[in-house]
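One letter stands for each residue in the lines below.
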Amino acid sequence: MPTMKSVLTRAENEIEVVEVERPVAGPRDAVGRVRACGICGTDTFFVHMGGTPYSADGSVVPLPLGHEPAGEVVEVVEVGAEVSDLKVGDRVVVNPQGAPSGIIGCGGELGGMNEYLLIEDAELGRSVAVFPDSLPFDVAALNEPMAVARHCVNRSGAGPRDKVVVFGAGPIGLGATIWLKLRGVEHVVVADVLPERLRLALAVGADAVIDSATEDITARLVELHGPGANALGQTRAGTDIYIDAAGVPAVFHTAVDSAKWKAKLVMVAVQKPSDTIDLGGMLRSELTLIASQGYPTEIFEVTAEIAEHQERFARLISHRVPFSEVARAFELALTPGAAEKVVVTFDGRE
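Just so it is clear, the model here is predicted, and its values are computed rather than measured. (Residues numbered from 1 in each chain as written. Predicted model: local features only at pLDDT ≥ 70, side-chain atom pairs only at ≥ 80, totals over all residues. Heavy atoms only, no water.)

Regarding the overall build of the protein chain
When helices and strands are tallied, the protein chain shows 11 helices and 17 strands. For 350 residues, the compact-globule formula gives about 20 Å, and the C-alpha radius of gyration of the protein chain, at 21 Å, lands near that figure. Taking the principal axes of its C-alpha atoms as reference, the protein chain extends roughly 70 × 40 × 35 Å. The buried share of the protein chain, taken over its 350 residues, is 55%. The long-range fraction of contacts in the protein chain, counting pairs at least 24 apart against all pairs at least 6 apart in sequence, stands at 65%. Here the protein chain has roughly 14,800 Å² of accessible surface; of this, 53% comes from carbon and sulfur atoms. (Helix = DSSP H or I, 4+ residues; strand = E, 2+ residues; numbered from the N terminus. Rg over C-alpha atoms; globule rule 2.2 N^0.38 Å. Buried < 20%, exposed > 50% of the residue type's maximum accessible area, 1.4 Å probe, protein only. Contact = heavy atoms within 4.5 Å. Areas by Shrake-Rupley, 256 points an atom, 1.4 Å probe, with all protein chains shown as cover.)

Notes on unusual backbone geometry
Its identity is not glycine, yet D121 carries a phi of approximately 45°, on the positive side. Mapped onto the secondary structure, D121 falls in the loop between β6 (116-119) and β7 (128-130). Note on D121: relative accessible area 22%, which makes it partly exposed.

Some thoughts on the nonpolar core
In this structure, V166, W179, L180, I243, I306 and F313 are the most contacted members of the largest nonpolar core, which totals 51 residues. When residues of this core are traced back to their parent elements, those giving at least two are α2 (137-140), α3 (143-156), β8 (163-167), α4 (171-182), β9 (187-192), α5 (195-203), β13 (241-244) and α9 (303-308). The greatest single-element share of this core, amounting to six residues, is contributed by α3. Listed in part, the 39 residues of the second largest apolar core include V7, V47, A99 and V321. (Core = buried A, V, L, I, M, F, W, Y, C linked by side-chain atoms within 4.5 Å.)

Points about the sheet that holds strand β14 (residues 264-267)
Within the open sheet, the six strands sit side by side as β10-β9-β8-β13-β14-β15. Their pairing is parallel. Strands at the two margins of the open sheet, each flanked by one partner only, are β10 (208-211) and β15 (288-291). Between one strand axis and the next, the sheet turns through 20° on average, direction left out of account. Inspection of the sheet shows β9 paired to β10 by four bridges, in the parallel sense. Bridge pairing in β10 places V189 opposite A208. Packing against the sheet, α3 makes contact with β13, β14 and β15, and its axis sits at approximately 160° to β14. (Pairing = 2+ DSSP bridges. Axes fitted to C-alpha atoms, helices over the stretch in contact; angles between N-to-C directions.)

Brief notes about the pattern of salt bridges
For the coordinates displayed, the defined rule picks out 19 salt bridges. Residues E223 and R220 are paired through a salt bridge, measuring 3.2 Å at the closest nitrogen-oxygen approach. Here E223 and its partner R220 are both found in helix α6 (residues 217-225), three residues apart, which amounts to about one turn of the helix. Since its relative accessible area comes to 17%, R220 is described here as buried. With a closest N to O distance of 4.0 Å, D278 and R284 form a salt bridge. Judged by relative accessible area, D278 falls into the partly exposed class, the value being 31%. (Salt bridge = Lys/Arg side-chain N within 4 Å of Asp/Glu carboxyl O.)

Listed below in structure tokens is the structure:
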């Protein structure tokens with residue numbers, strides 16, 4: 001039986017590259033050859049744990065990693081007999097949440113950090129999408145995280161005349177910034193503590209940045225977005241929408257302290273344990289709190305636009321690492337401040 005290499009969690013903070021059987025398509029499946037796969041914060045969470053803690057008995061179970069793959073359909077015999085809308089050579093991204101065996105790379109049976117991936121129940125527009133040859137595989141691998149960012153922007157309801165601040169200039173925060181500007185939003189500010197991230201935010205289209213390590217965020221927002229007021233008439237920033245792509249308590253507190261009447265706060269980052277929430281501050285501003293999780297409809301809505309604006313999205317990738325050095329790729333991703341977006345490439349190609 002042909003085999004392939006697959007990346008699994010091992011002990012805490014370790015990965016293991018193992019040989020496993022190469023998948024074989026059933027009548028409703030396809031097999032894709034993975035050409036690039038991004039590393040996400042969720043991957044690093046599982047690596048830190050040594051696996052997934054979501055087993056029935058509460059034990060940590062090793063799992064295959066990777067939920068941001070891009071690749072190509074291979075070999076005629078591996079396109080299932082009931083699959084009519086895919087052909088060999090199609091360049092594809094998958095919906096990790098569309099696999100019946102469980103979420104790919106997030107506790108399911110399958111992982112995308114493999115040489116090959118079984119695309120279960122391969123159906124165009126539901127479990128898989130085709131992207132054009134003009135889009136490099138490494139940029140196509142951003143499809144899943146950019147769908148997360150797009151859902152956040154959709155949840156915000158941001159319109160052209162809104163003034164928005166994005167906290168956190170990682171891939172999701174910068175992705176949200178790109179989508180906001182492509183949506184025609186008037187003014188987008190990005191706040192972060194790392195100067196190099198702020199420079200990148202300007203490069204992908206942010207109108208202004210705030211170094212939250214050294215600057216008074218509320219004062220800067222008043223300067224950039226004008227003054228506003230809460231329900232009691234107290235001076236606040238004129239910012240309409242706050243997006244938390246950082247997931248630290250300080251962001252929530254800053255938003256509550258700065259929010260004008262009827263402002264909105266959208267949470268897309270995984271939240272860390274927080275201090276007491278200032279419910280009184282929320283009340284005085286009638287601050288609307290909106291949670292954003294995953295991509296109910298956005299997973300393939302973003303594909304064509306990523307291809308159209310690929311130069312802008314490509315800037316989000318800080319490191320491209322060959323699969324032969326996948327341990328180094330995870331070391332970079334696990335080291336705070338060492339990398340932004342790491343994409344693993346296969347066979348030394350794009």
